Amino acid sequence: MPPPPRPLRAIRTWGAAFAPVCAMAAASAQEPATPAPAPAAAPAPAPATAPARPPANAPAPANAPAPAKLDRVEITGGRADDVQERRQSTAAKIVIGREEIERFGDSTLGDVLKRLPGVTIQGRPGRGGQIRMRGLGNGYTQILLDGERVPPGFSIDAIDPEQIERIEIYRAPTAETGARAIAGTINIVTRNGYTKHVNDLKVGAALENGRLQPGISWTRNDTAGRWIYNASVSAFRTNRASDTQVSTVDERLSDGTVLLAQREDGTVREQRNGLHATGRLQWRGDEPGHLVTITPLFLWSAGPSHRTGVVTQTVPPVPASGCLSSGIGAPVDECQADHSTTDGHGDYRLMRLNGQWNRRLNEAVRSELRLGGSDGHWQGHSLRLETTNGVPSRTLQDDTDNHDRSVTAGAKLIALLAGEHSVVSGLELETNRRNDTHTTLQDGAPLLVEFGDDVSARSNRYAVYAQDEWSVGEHWALQAGLRWEGIETRGSREVGDGEVANRSSVWSPLLHAVWKPDAKGRDQVRMSLTRSYRSPPLGNLIARPSINVRHPVPGPNTPTQPDRAGNPDLKPELATGLDLAIERYLPGSGILSANVFYRRIRDFMRSVVSLETVSWAAVPRWVSRPQNVGDATTAGIELEAKFRASDLWPEAPRLDVRANASAFRSRVKSVPGPDNRIDQQPDYTANLGGDYRFRGVPLTLGGNANWTPGYVTRISDQQTAIQGRKAVLDVYGLWTFSPASQLRVTASNVVPRDYITGSTFDEAGVRETATTLAPTSINLQIRLELKL
């Protein structure tokens, strides 16, 4: 039996003209091929000029032996399935296809990702939130959209899961995908253009807290001559009710005496209408591998919100004047609102257009040119009315207009050298600019006039890289890369202080290896040694503060209710990483894997609260500002199991099992322990899920349980952050009427639990504790899926 072809990974990088070869090679690599029937006699060596082949429909000679009966094999230009693609990749990669994306009918991409090993989602269930790989916070995970960095201000939950073809998760950076990925990279691939005819319509609605949220999506894919086009459009309406309860307690550390006990009960009613549209237009030239692709993207959502808040105080008792204490050490006669209403309206729009030109230069070399631009715009308006003891006491009007623009360009050359080396080299250019127009009026008078109404930050990024991937015998595959990135950022200070410029550059050597103890076996070991970095977000470079609405200026505020401001002097973080994984691929599409990782981070960034003498208040104010606080380390282990029970035990029920668990440890060296972990990194997280397909009935039932324990993070000697445990149970049922129609019913957050966060701050012998309790609700969804 011949061994699998050696240059598989190199062949995979070739263009569309070689897609059938790639598909067959991939299948050969996963399982030993069935040998073809041997000819009656060994053929003679071919002459220098081979004779012409007879026509395919020519009759066989009369004395020719009867051909062996072969099963029908359909060859297409599609990619390998999710597990095959993961297995063949030299860099550690997880691939999530359409089946897994649409299994639960999730309304946000975060709900899809939360079930993957090592991924956690910040925020209450069902409301989206920041994506955290390996428990690392915002900015550590690189988000790509069709291989390009997402535009500034883009949220991963801003795109509807119906717009997504697949999701690729890289656990370690590569020279080609980029090194701004200390935790890893998530590449979101929108619906592809392919020759298959698709015309899908999905209509559904969700019900939460008695509020209906309808939605509809349509996907069309077809060909017209040399053109392949894909369009996917989703429209939705959200109607949500969110309640919160914020408790603030001041306690004297020496004897436990309670000095202050306040509680604010808040309700938010929010409505939003949204439209998401993606497309892909491809033109195929006469020459193989000649392809032009245009991918537009449009996201829009807008709607009003209404918030009410009621503050009650039990310690010290509220005097007849109705004035409340406004913080640690503040006298009771400092007036604070006991009732507030806030009406607002927000409008978000993102437009992006990318173009790509692929061309094969010769049999072994092809080129790729990319050019793209995006324009993101957020407008918000809010008016807060406060009353104290029934008498109007303050108005606060806030108008925000954020504008993000970016332009990207890149060139890439892919070459197959010496038959086994797939070499990729390229350069990238990117420029981003953020304009922040912000006006705040308190009782009709402007605040923050010293910053002006318009502040900005901008960045330019340059990158060059080279990467080589090759097979070393039957047991080893290697990928070595080197990437250089230079970043220049400029952020504004107060009016008259000019701009602060930050320049940095990073060399990132990257090495990945795969070892197969048995070239024909199912086991393999992965190793990665990488250098990556995290650059400050543009928003963190803008020094303009955001005033805490509960504690107006020019008076004081509290450390657990601080103002927020950026820091133009931030430096990027640098990380050295090591990854080691063991994988076993089971029959069918199953896998067992264990992955350990380690990261050493330099110039770690975090937001620290401190008392500052500020220009926007007559007294010192507590301000939360990002800072470089020193070095940090993090390590962990990620376990994963996914298999079909019947593939392992023939008599087992038709049950698909998915399970994973991850444990993390981290330490910020400049902060004393215990709990001196990296921000918002839990000790562990776990998922257990499965799907059962009934026999004789077109019904599939499934569910998933997600668990993340509560934990405490020590930010500094004085400050800690508290995160409550998070447990989410999702279930679904799928009834298939016919190959063209099916009904999906989903219940998310089946056992609602309060989502709890908090913080503590020690100052002058007094500890202030603020706890936010946010009730959650079950979300019911029903969706009819039609293939027209």
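A.B. asks: I tried to follow the overall build of the chain on my own but got confused; where do I start?
C.D. replies: Helix and strand content of the chain: 7 helices and 35 strands. When each of the 788 residues of the chain is scored for burial, the buried share is 51%. Counted over contacts in the chain with a minimum sequence separation of 6, partners at least 24 positions apart contribute 69%. Total accessible area on the chain is roughly 35200 Å²; 59% of this is exposed by carbon and sulfur atoms.

A.B. asks: Which parts of the structure should I look at to understand the pattern of salt bridges?
C.D. replies: Oppositely charged side chains are able to pair whenever their charged atoms sit close together. Using the criterion set out here, one finds 60 salt bridges in the structure. The salt bridge involving Glu485 is made with Arg483; its shortest N-O contact spans 2.6 Å. One exposure class covers both Glu485 and Arg483, and it is buried. Several salt bridges share partner residues, and in doing so they unite Arg98, Glu102, Glu162, Lys202, Arg744, Arg783 and Glu785 into one network.

A.B. asks: Honestly, the sheet that holds strand S4 (residues 141-145) in this entry has me stumped. Any pointers?
C.D. replies: The strands making up a sheet associate through backbone hydrogen bonding, with each pair oriented either parallel or antiparallel. Ordered in space as S1-S6-S7-S4-S5, the 5 strands form an open sheet in which the pairing is mixed. Edge positions in the open sheet fall to strand S1 (93-96) and strand S5 (148-149), since each of these has one partner strand only. Direction of pairing for S4 relative to S5: antiparallel, over a ladder of 2 bridges. Within S5, the residue paired with Leu145 across the bridge is Glu148.

A.B. asks: Looking at this structure, I do not really get the side chain of Ser741. What am I missing?
C.D. replies: Here Ser741 is to be found in strand S32 (residues 741-748). Residue class for Ser741 comes out buried when judged on its relative accessible area of 15%. Setting aside chain neighbours within four positions, we find Ser741 in contact with Thr736, Glu785 and Leu786.

A.B. asks: Just checking my understanding: could you explain a nonpolar patch on the surface for this structure?
C.D. replies: Residues Tyr692, Phe694, Val697, Leu701, Trp735, Phe737 and Leu784 make up a contiguous nonpolar surface patch of roughly 590 Å² in combined accessible area. With respect to the helices and strands, the residue Val697 is situated in the loop between strand S27 (684-693) and strand S28 (699-708).

A.B. asks: When you look at the nonpolar core in this model, what are you seeing that I'm missing?
C.D. replies: Grouped burial of nonpolar side chains is what soluble globular proteins tend to show. In this structure, Leu109, Leu113, Ile156, Ile167, Ile169, Ile186 and Ile188 are the most contacted members of the largest nonpolar core, which totals 40 residues. Grouped together as the second largest cluster of nonpolar side chains are 12 residues, Leu396, Ala565, Trp616 and Val623 included.

A.B. asks: In this structure, what is going on with the packing of aromatic side chains? I would like to understand it.
C.D. replies: The geometry of two aromatic rings is summed up by the distance between their centres and the angle between their planes. All chains considered together, the criterion is met by 7 aromatic pairs. Positioned over the ring face of Phe597 is Arg134, at 4.3 Å from the centre of the ring. Above the ring of Tyr140, the side-chain terminus of Arg534 is found at 4.4 Å from the ring centroid.

A.B. asks: Which parts of the structure should I look at to understand the confidence of the model for the chain?
C.D. replies: Any residue range with low pLDDT should be treated as having predicted coordinates unsuitable for detailed reading. Taken residue by residue, the chain gives an average pLDDT of 85. The fraction at 70 or more is 87%. When the criterion is pLDDT under 50, residues 1-78 qualifies, and its contacts beyond four places in sequence or with other chains add up to 60 contacts.

A.B. asks: Help me understand a positive patch on the surface in this model?
C.D. replies: A cluster of like positive charges, contributed by Arg600, Arg602, Arg667 and Lys669, occupies part of the molecular surface. With respect to the helices and strands, the residue Arg600 is situated in strand S24 (residues 591-612). Accessibility expressed as a relative area gives 46% for Arg600, which makes it partly exposed.

A.B. asks: Please clarify how the side chain of Arg625 should be interpreted in this entry.
C.D. replies: You can see Arg625 is positioned in strand S25 (residues 621-644). Judged by its relative accessible area of 17%, Arg625 is buried. Among the polar contacts made by the side chain of Arg625, one reaches the side chain of Glu612 at a distance of 2.9 Å. Filtering out sequence-adjacent residues up to four positions away, Arg625 remains in contact with Ala543, Ala565, Gly566, Asn567, Arg606, Ser607, Val608, Glu612 and Trp616.

A.B. asks: Which parts of the structure should I look at to understand the pairing of strand S6 (residues 164-170)?
C.D. replies: Along a regular strand, successive side chains alternate from one face of the sheet to the other. Within S6, 7 of the 7 residues are buried, which leaves the element mostly enclosed by the surrounding structure. Relative to S6, S1 is paired through 4 bridges, and the arrangement is antiparallel. Bridging from a neighbouring strand, Ile96 pairs with Ile167 of S6. Pairing between S6 and strand S7 (residues 184-190): 6 bridges, direction antiparallel. Each residue of the ladder has a partner; that of Glu168, found in S7, is Asn187.

A.B. asks: How do you make sense of the environment of Arg134 when you look at a structure like this?
C.D. replies: Secondary-structure assignment places Arg134 in the loop between strand S3 (131-133) and S4. Taking the relative accessible area as the measure of exposure, Arg134 reaches 1% and is therefore buried. Separated by 550 residues in the primary sequence, Arg134 and Tyr684 have C-alpha atoms spaced 9.2 Å apart. Not counting residues within four places of it along the chain, the set of residues in contact with Arg134 comprises Gly118, Arg171, Ala183, Asp579, Asn595, Phe597, Arg599, Glu638, Phe664 and Gln681. A polar contact is formed between the side chain of Arg134 and the backbone oxygen of Arg171, at a distance of 3.1 Å.

A.B. asks: Explain the pairing of strand S13 (residues 339-360) here, please?
C.D. replies: Pairing geometry for strand S12 (residues 291-315) and S13, over 20 bridges, is antiparallel. Bridge assignment links Thr295 to a residue of S13, and that residue is Asn354. Taking the residues between adjacent antiparallel strands as the criterion, S13 and strand S14 (residues 365-388) are bridged by 4 residues.

A.B. asks: Please clarify how unusual backbone geometry should be interpreted in this entry.
C.D. replies: Leaving glycine out, the prevailing phi sign among residues is negative, and the prevailing peptide bond configuration is trans. Cis rather than trans, the peptide bond between Val315 and Pro316 has omega equal to -15°. Of note, Pro316 is situated in the loop between S12 and S13. Cis rather than trans, the peptide bond between Gly673 and Pro674 has omega equal to 0°. The topology assignment puts Pro674 in the loop between strand S26 (655-668) and S27. One non-glycine residue, Arg134, lies in the positive phi region at around 60°. Even without being glycine, Gln680 reaches a positive phi, approximately 55°. Of note, Gln680 is situated in the loop between S26 and S27.

A.B. asks: Teacher, can you tell me more about the environment of Gln130 here?
C.D. replies: In this structure, Gln130 sits in the loop between strand S2 (119-121) and S3. Measuring from C-alpha to C-alpha, the distance between Gln130 and Thr141 comes to 9.9 Å, with 11 residues separating the pair along the chain. Excluding residues within four positions of it along the chain, Gln130 makes contact with Thr120, Ile121, Gln122 and Asn138. In terms of polar contacts, Gln130 uses its side chain to reach the side chain of Arg132, at 2.7 Å.

About the cut-offs
- Residues numbered from 1 in each chain as written.
- Predicted model: local features only at pLDDT ≥ 70, side-chain atom pairs only at ≥ 80, totals over all residues.
- Heavy atoms only, no water.
- Helix = DSSP H or I, 4+ residues; strand = E, 2+ residues; numbered from the N terminus.
- Buried < 20%, exposed > 50% of the residue type's maximum accessible area, 1.4 Å probe, protein only.
- Contact = heavy atoms within 4.5 Å.
- Areas by Shrake-Rupley, 256 points an atom, 1.4 Å probe, with all protein chains shown as cover.
- Salt bridge = Lys/Arg side-chain N within 4 Å of Asp/Glu carboxyl O.
- Pairing = 2+ DSSP bridges.
- Patch = residues over 30% accessible without salt bridge, like charges linked within 9 Å, V, L, I, M, F, W, Y side chains within 5 Å.
- Core = buried A, V, L, I, M, F, W, Y, C linked by side-chain atoms within 4.5 Å.
- Phe/Tyr/Trp six-rings, centres within 6.5 Å; stacked < 30°, edge-to-face > 60°.
- Lys NZ or Arg CZ within 6 Å of the ring centre and 35° of its normal.
- pLDDT = per-residue confidence, 0-100.
- Lys, Arg positive; Asp, Glu negative; His and termini not counted.
- Charge placed at Lys NZ, Arg CZ, Asp CG, Glu CD.
- Polar contact = N/O pair within 3.5 Å; in protein donor to acceptor, adjacent residues only side chain to side chain.

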